[in-house]
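Listed here are the chains, written in short residue letters.
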Amino acid sequence: MTQPSLQAAFSNPVHQAQQCFRLIAQAFAEPGLVERIALVDSMEALDAASHASALTLLDSDTPIWISPELDSAALRRHLIFHCACPIVEQPEEAQFVFMGANDTAVLSRLDVGTDRDPEFSCTVFLQVPSLQSGTTTTWSGPGIQHSRDVQLPVSAELWQQRDAITAFPRGVDICFVAGQDMMGLPRSTRVGLQTKE
């Protein structure tokens, strides 16, 4: 039985990877603002912005974990072929994690780095239905002049999990992804939940 052909990746790998890296960096430089990454199609359950980020950031030295919500044999085959990245079975072992909005409990298991080596922490690509709906939160910190109201369709448990693992410089950086759109949440950003009157 023949295997299905692999889906194409970047048509111009060097140029598009550089462009994608700049967009990811910009998303983290201005937390809470949306960047559009329209460089490649989605791949199986992996949204287009997550797919482009994977093609840009992953290589043989970057172990990744894919949540069951997104995982498939075709996706694994595609990422291994194009990125040569090792796919681990435990999120604790991953440098990059790709997951859906129902997997927030995994945050407590991720590598948050150390005070001496915070750069060894995990980066999370968290796919959600939209970057403009849901509970309102107020973000503040580097890259935000005063504060910024952000609406994301995630549970309060996600923010609780993030608070529990964040002790700057330790913590994880999160990229919220919806289709071609991405929003960066670095560990240095403070997130406050707005309470109803």
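Below you will find a few notes about this structure.

Quick notes on the rules
Residues numbered from 1 in each chain as written. Predicted model: local features only at pLDDT ≥ 70, side-chain atom pairs only at ≥ 80, totals over all residues. Heavy atoms only, no water. Core = buried A, V, L, I, M, F, W, Y, C linked by side-chain atoms within 4.5 Å. Buried < 20%, exposed > 50% of the residue type's maximum accessible area, 1.4 Å probe, protein only. Helix = DSSP H or I, 4+ residues; strand = E, 2+ residues; numbered from the N terminus. Contact = heavy atoms within 4.5 Å. Pairing = 2+ DSSP bridges. Axes fitted to C-alpha atoms, helices over the stretch in contact; angles between N-to-C directions.

Notes on the nonpolar core
As a rule of thumb, nonpolar side chains are buried together in soluble globular proteins.
Logical step 1: Counting residues in each nonpolar core, the largest one holds 32 residues, and the members touching the most others are Ile37, Leu58, Ile64, Leu79, Phe98 and Met182.
Logical step 2: Among the elements of the structure, α1 (13–29), α2 (48–57), β2 (64–66), α3 (73–83), β3 (96–100) and β7 (173–178) are those that each provide at least two residues to this core.
Logical step 3: The element best represented in this core is α1, accounting for 6 residues.
Logical step 4: With near-sequence residues (within four places) excluded, Leu79 lies in contact with Ala54, Ile64, Ile66, Ala84 and Cys85.

What to know about the sheet that holds β2
Logical step 1: Spatially, 6 strands are ordered β1-β8-β7-β4-β3-β2 in an open sheet, and the strand pairing comes out mixed. Two strands in the sheet have a free side with no partner beyond their single neighbour: β1 (34–36) and β2. On average, each strand axis in the sheet is tilted by 20° relative to the strand beside it, whichever way the strands run.
Logical step 2: With 5 bridges connecting them, β7 and strand β8 (residues 181–185) associate as antiparallel partners. Across the sheet, Phe176 pairs through a bridge with Met183, a residue of β8.
Logical step 3: Together, β1, β7 and β8 form the strand contacts of α1, whose direction differs from that of β8 by roughly 50°.
Logical step 4: Strand contacts of α2: β3, β4 (123–127), β7 and β8, with the helix running at about 160° to β4, the strand carrying the most contacts.

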